[in-house]
Structure formats: C-alpha cells, structure tokens
Amino acid sequence: MSTAIALNTDVGESFGAWVHDDRPLLDVVDAANVACGFHAGDPDVMRRTCDDCARRGVAVGAHVSYRDLAGFGRRFVDVARDSLVNDIVYQIGALTAFAAAAGTRVGYVKAHGALYHASGTHPAHADALVEAVRLVDAGLPLVCLPGTEVWERARAAGLSPRAEAFLDRGYTAAGGLVPRGQPGDLVRDPAEAAARAVSIARDGRVTAVDGTVVSVRPAGGAVAALCVHGDTPGADALARAARAALTAAGFGCGPEPLAPVTGALR
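These numbers come from a predicted model, not from an experiment.

Conventions we followed
- Residues numbered from 1 in each chain as written.
- Predicted model: local features only at pLDDT ≥ 70, side-chain atom pairs only at ≥ 80, totals over all residues.
- Heavy atoms only, no water.
- Phe/Tyr/Trp six-rings, centres within 6.5 Å; stacked < 30°, edge-to-face > 60°.
- Helix = DSSP H or I, 4+ residues; strand = E, 2+ residues; numbered from the N terminus.
- Axes fitted to C-alpha atoms, helices over the stretch in contact; angles between N-to-C directions.
- Parallel < 35°, antiparallel > 145°, perpendicular 65-115°, else oblique.
- Left-handed = near helix turned anticlockwise from the far one by under 90°.
- Contact = heavy atoms within 4.5 Å.
- Core = buried A, V, L, I, M, F, W, Y, C linked by side-chain atoms within 4.5 Å.
- Buried < 20%, exposed > 50% of the residue type's maximum accessible area, 1.4 Å probe, protein only.

Draft legend 1. Here's a closer look at the packing of aromatic side chains. On inspection of all chains with the given rule, the structure shows three aromatic pairs. Here the aromatic rings of Tyr66 and Phe76 are separated by 5.7 Å at their centres, their planes lie at 85°, and the arrangement is edge-to-face. In this pair, Tyr66 is assigned in the loop between β3 (59-64) and α3 (81-101) and Phe76 in the loop between β3 and α3, connecting sequence segments ten residues apart. Taking 5.8 Å as the distance between ring centres and 80° as the angle between the ring planes, the aromatic pair formed by Tyr116 and Phe166 counts as edge-to-face.

Draft legend 2. Examining the packing of helix α2 (residues 43-56) against α3 more closely. One can describe the packing of α2 onto α3 by two numbers: an axis separation of 8 Å at closest approach and a directional angle of 45°. In terms of orientation, α2 and α3 fall into the oblique class. Handedness of the crossing formed by α2 with α3: right-handed. Across from Pro43, Met46, Arg47 and Cys50 in α2, the residues of α3 making contact are Ala94, Leu95, Phe98, Ala99 and Ala101.

Draft legend 3. Examining the nonpolar core more closely. By size, the foremost hydrophobic cluster in this structure holds 72 residues, and its most contacted members are Val64, Leu95 and Leu226. The residues contacting Leu226, other than those within four sequence positions of it, are Ile5, Ala6, Leu7, Asn8, Ala165, Leu167, Ala197, Ile200 and Leu246. Formed by seven residues, the second largest nonpolar core is a distinct cluster that contains Ala6, Tyr108, Val143 and Ala224.

Structure representation (structure tokens):
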C-alpha cells in the first residue's frame with residue numbers, strides 16, 4: 001500500500017505554567033505543526049515537543065504565526081511585509097535549532113490561525129510567508145489551502161505548496177472554514193471525521209455546513225495533509241477514527257506527502 005496522505009496536528013501550544021499533553025495525539029499522527037513561540041510555545045515546550053516527535057518518528061513542521069501570544073495567533077496583525085518576513089524566518093530558525101537538538105529536522109512550514117487565513121487573501125502577507133520560506137530553504141514544503149493567494153505565489157516562486165484539508169473544522173459553501181464560534185465551526189463526532197477523511201482522500205471533496213459538496217483538491221493534484229487541531233475536544237479520538245477509516249478504505253497514512261523537495265534544514 002502506498003502512502004497517500006499525512007495526518008497532521010497542531011502541537012507545542014503550551015506556554016509557561018500552562019501545559020497541555022500532546023502525547024496522545026503524537027501517538028496517532030504522522031506530522032506535527034509545532035508552535036514556534038509567537039502564538040504559543042516557549043523554549044522548554046519547543047525542546048520537549050521536538051523530543052517527543054523524534055522518539056515517535058513524527059515529522060516536525062514549523063507552525064509560524066503573527067506575534068500574538070495574548071490572542072493565540074487568531075487575530076489579524078497589520079504588520080509590515082518585510083517585518084513579517086523576518087518574524088517568520090526567526091520562528092523557523094528557532095524551531096530548527098530545537099529539532100536538531102532532538103536529532104530530527106524541520107521538514108515543512110505551515111502558518112497558524114489568522115496568518116494561515118490572511119495569507120489566503122492578503123497579497124503582502126502571502127508574499128511574506130512565501131519569501132520567508134524561500135530565504136530559509138526553498139525545498140521546504142509550504143502547507144496551505146489550494147487555489148489561495150499564498151498557494152499561487154508559492155507556485156510562482158518555485159516552492160512546493162502542499163494542499164491541506166481539515167478533519168475537525170466546518171466548511172462553508174465557498175470552500176473556506178466556518179469562523180470559530182459560529183454554528184458548525186467544529187466537527188466533534190469521530191464517525192463524521194472518519195467519513196470526511198475517506199471522502200477527501202478518495203474524491204477530494206467535503207460537505208459544507210449547508211449541505212453543499214465542495215472540492216478541496218488542487219487542480220491536477222491531491223490533498224497531501226489532513227489536519228486535526230490539538231485543542232479540538234477529543235482530537236485524538238478524531239485522528240484515530242480517521243486513520244482507521246483510511247486504512248480500511250485502502251489508503252495509506254504517513255509523513256511522506258510532506259517530505260522536503262531537496263535537503264531541508266537538518
């Protein structure tokens with residue numbers, strides 16, 4: 001069976017005295033989007049999370065964000081394009097050091113929260129994200145939504161964007177995510193997450209909250225990653241159900257769809 005899709009999750013989002021145990025999720029997923037200190041995480045958490053990933057053979061990705069600890073990176077920050085480039089380079093660099101200390105590496109980049117969504121439509125911030133990855137290592141895949149501003153700019157810059165879809169978030173009829181706090185924003189039922197995982201892997205489609213079937217697959221390609229957020233209630237159960245359903249349907253799971261194109265940071 002060939003690997004077709006990577007289950008990934010957002011982890012390392014503890015900070016100081018507030019500690020969340022990521023290990024149940026890391027026992028299930030293939031790749032970990034590790035907070036780099038700007039929306040969550042601190043040096044102790046980053047080191048511990050990279051160690052946990054290395055022990056399990058889980059791929060490490062830099063989960064970069066606006067500088068917004070108070071808002072958990074879920075607020076738009078109107079930062080200048082060049083400053084945002086430097087903020088992102090800084091975050092990737094910090095995680096790279098901790099990954100190396102753990103005997104692993106940063107293998108891909110994914111924006112968090114408000115930066116993830118803003119880079120889909122905001123030209124300057126999409127360009128900043130692409131430029132930061134290019135400056136650090138153009139072989140690092142950039143995980144994002146297909147067809148968005150950042151996706152197209154990454155392709156134009158010669159980077160390797162990898163399409164992502166979400167197991168635990170509701171979709172709008174336009175193919176975006178239902179804003180948090182609105183009805184249907186979260187998927188909580190493991191059976192629903194499992195059915196969605198198979199539909200995405202097989203057909204590249206999800207059912208939106210209004211019943212519309214929308215495509216989440218890039219033109220001529222496939223979805224590389226399925227994400228479940230670490231702070232979603234029952235996230236590990238959602239991930240386990242999705243993995244079991246994908247295996248039963250004949251689809252493989254593993255980190256390979258997020259592998260670097262060339263020698264990424266070690």
